[in-house]
Amino acid sequence: MKRILITLVVAAAAISQSFHARAAGVLTPKGSPHAAVQLRDHHADVVINNGFARVEVQQTFFNPNATNLEAIFTLPLPKSASLSEVTIFAGEKEIHGEVLRKEEANKAYEDEKSKGNDTGKAEKNGIQTFEFTVYPVRAQAETRVRFVYYQPLEIDTGVGRFVYPLEHGGTDDGGRGFWDRSEKVEGTISINVELKSAWPVTEVRVPGFETAAQTQRIAEGHYKVRLERTGESLNRDFVFYYRLQDNLPGRIEVIPYRADRDKPGTFMMVVTPGLDLQPITHGADYCFVLDVSGSMQTKLHTLGKGVTKALQSLKPEDRFRIVTFSNSAKDLTGGFLNATPENVRAAAERVASLRTEGGTDLHQGMQLGLKLLDADRATSIVLVTDGVANQGIVSPQKFHELLKQHDVRVFGFLMGNSANWPLMRTICQASGGFYAGVSNDDDIIGQLMLAKSKITHECLHDASVKVTGVKVLDETDDCIGKVYRGQQLVIFGRYEKPGTSTVTLKAKLTGADKTYLTTFAFPEIDTDNPEIERLFALNRIEMIEDQENAGLLPQTEARDVVEALGVKYQLVTDHTTMVLMSDESFTQRGIERHNKARATEERRAQAVRAAQPIKSYQVDQTAPMFQHPAPSVGGGGGGGGALNPILVLIVLGGGALAAATRRSRKTDR
């Protein structure tokens, strides 16, 4: 039985218009005697509500051959997205999936296939790619695939951002010479986004599709956007921005889920600090560590554009240094240079002339970037890479140990949604920095505005969040570390029983202790948002992976915990697989339908929410946690000002950045 590879959704950061041949599409082995499977249509429906997005995708494929095929297709998901449902429709039949331990799922799939039954599986293949296998894709017939994923989102400085990835990630060097790609959709591509915000939204934006996208304002915080194209290709990301009204209050929102009085509830807590963080007026040092390895070929233009803008925004009292790395690392500027117009212009020209080659020795690049530090000057490392470390030291634990030796912050920009998010998390969390994703279709200048204040303003130090009064379980690491201007904190956990609780954020600001607190009640029963359970479990899995990468948790122990969470909450992980088969086959094998029950409850709740007004989950209306408004791009939140110094090249990305995570150094500026 011949195999073909169908790429369902492929993500990217390529800016080169000449490289569209590597965008999303159907893949067939070069030299295959079979005609490529056709992608007939591609439809995505997105609902953004209550701090997370629900994405449902349906695609129809047609096998033009006279032979049935076993098809394999890949789906790179966004960071922190949880795949929850997969359904295969073949004629009048439809089959659904259940998550099992990997070995058990693979055995069931092969057994069903050997019997000639309709079957499929979805498994994680690599860092952020999911691989789907379908058998059989019938000759001269259509096969439709439907999948659903959830993704936590956050507001950054009053701006929300959602990315539906379609461009190719460009990190699979081995696949380039093996597969022929057909990216064209024969019929219709459509993307529908519905935004439901409890806070007033002043405007929405779809970069690159301003005239093609149909935007409808339903109410103050309720928008619908539709984009439909015919006979085009899946070769660019769909980026959706929405901007909240300026001068909204700092706040805390809690989205709970508890369906059984005898079992713990689950919650997602979103803290939007209202802080008076002042600009830093003295000069600072910035070291740009740039990946110029072969896998960055399609991203180099974006990299150069962002670095040039960052250099041009430096103040005269700042200094900068540029380090590049591929097979080895080089100091492009020969040490730190003063940010004079002449030095900036010369450095920008050198960056523009960079060419890619070789492998990726990321550790050597970081080692060189951490040299020549001046203890009397605050230093930030700006790392731009796709994270595909394949030479030299590649152990995440070694990166963690390296960063813990230095008092610097690393601000990481990861190019390509198929790239190494776990390694970037390890690097940035060890230094108390932050990281973000990069898409070719972002508003570059807008993202500079969001990111610059995190580096040019004060931040909270040694921040921790604690919930008391009600027993909480499995909470996101309460040692947050640093909190930057405009940053939301997304915290997951479980609560044992209902009741009044106090949430306290403690931190240091310019050496003084700060305490922010409020009280609220965890409900006895609340079934509005069952999806919170899957997001909570994925957050736990990411935390465990981070602990393993930092050498704080043995590999075997981490595997056991991740496997158990994946099966319990029906998540595809490195150690679990979703197998698809008929209801009769599940019954014959004695496999309980946990995912069927979860998906049914999630769809029920979604139908209820769709028919109701937008609900606010703010819990500190009567006893506000913060006295200042939340920062916004319009200047609210204290410490505003014009777009001046630094950095940042490109984007503050789409998933919940803060939640998981970060253990930081005691001081920074």
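Refer to the preceding data block for the structure.
Cut-offs applied
- Residues numbered from 1 in each chain as written.
- Predicted model: local features only at pLDDT ≥ 70, side-chain atom pairs only at ≥ 80, totals over all residues.
- Heavy atoms only, no water.
- Helix = DSSP H or I, 4+ residues; strand = E, 2+ residues; numbered from the N terminus.
- Buried < 20%, exposed > 50% of the residue type's maximum accessible area, 1.4 Å probe, protein only.
- Contact = heavy atoms within 4.5 Å.
- Areas by Shrake-Rupley, 256 points an atom, 1.4 Å probe, with all protein chains shown as cover.
- Salt bridge = Lys/Arg side-chain N within 4 Å of Asp/Glu carboxyl O.
- Core = buried A, V, L, I, M, F, W, Y, C linked by side-chain atoms within 4.5 Å.
- Expected span 1.5 Å × (residues − 1).
- Arc of directions from axis to C-beta.
- Pairing = 2+ DSSP bridges.

### Here we look at the overall build of the chain
Part 1 of the argument: Across its full length, the chain holds twelve helices and 34 strands.
Part 2 of the argument: Sorting the 669 residues of the chain into buried and exposed places 63% on the buried side.
Part 3 of the argument: A separation of at least 24 residues holds for 80% of the contacts in the chain among residues at least 6 apart in sequence.
Part 4 of the argument: Surface summary for the chain: the accessible area is close to 24400 Å², and the carbon and sulfur share equals 48%.

### Some details on the pattern of salt bridges
Part 1 of the argument: One pass over the structure, following the stated rule, counts 43 salt bridges.
Part 2 of the argument: Of the charged contacts, one joins arginine 138 and aspartate 118 as a salt bridge, the two residues approaching to 2.8 Å between their closest N and O atoms. One end of the pair, arginine 138, is in the loop between β9 (129–137) and β10 (141–152); the other, aspartate 118, is in the loop between α1 (102–114) and β8 (119–124), with 20 residues separating them in the sequence.
Part 3 of the argument: A salt bridge links aspartate 474 to arginine 540; the nearest nitrogen and oxygen atoms lie 3.9 Å apart.

### Structural notes on the nonpolar core
Part 1 of the argument: Ile48, Phe162, Tyr164, Phe238, Phe240 and Tyr242 are the most contacted members of the largest nonpolar core, which totals 54 residues.
Part 2 of the argument: Setting aside its immediate chain neighbours within four residues, phenylalanine 240 contacts Ile48, Gly160, Arg161, Phe162, Val193, Leu195, Val204, Arg205, Val206 and Val225.

### Remarks on α1
Part 1 of the argument: Here α1 spans 18 Å end to end across 13 residues, near enough to the 18 Å set by a 1.5 Å rise per residue.
Part 2 of the argument: Those residues of α1 that sit buried are Lys102, Ala105, Ala108, Tyr109, Glu112 and Lys113. Down the axis, α1 shows its buried residues gathered within 135° of arc, on one side only. Of the residues in α1, the exposed ones pointing more than 90 degrees away from the buried face are Lys107 and Ser114.
Part 3 of the argument: Taken from the residues just after α1, glycine 116 is the one with a positive phi, measuring 80°.

### Topic: unusual backbone geometry
Part 1 of the argument: A cis geometry characterises the amide bond from tyrosine 135 onward to proline 136, with omega recorded as -15°.
Part 2 of the argument: Along the chain, proline 136 falls in strand β9.
Part 3 of the argument: In the Ramachandran plot, glutamine 140 falls in the positive-phi region, its phi being about 55° despite a non-glycine side chain.
Part 4 of the argument: Along the polypeptide, glutamine 140 turns up in the loop between β9 and β10.
Part 5 of the argument: Not every positive phi belongs to a glycine, and asparagine 247 is a case in point at roughly 60°.

### Remarks on the sheet that holds strand β12 (residues 159–164)
Part 1 of the argument: Strand order in this open sheet of four strands is β11-β12-β18-β15, and the pairing throughout is antiparallel. Both outer strands of the open sheet, β11 (155–156) and β15 (201–205), are each paired with one neighbouring strand and no more.
Part 2 of the argument: Of the pairings in the sheet, the one linking β15 to strand β18 (residues 238–244) comprises four bridges and is antiparallel in character. From the neighbouring strand, arginine 205 faces β18, where its bridge partner is tyrosine 241.

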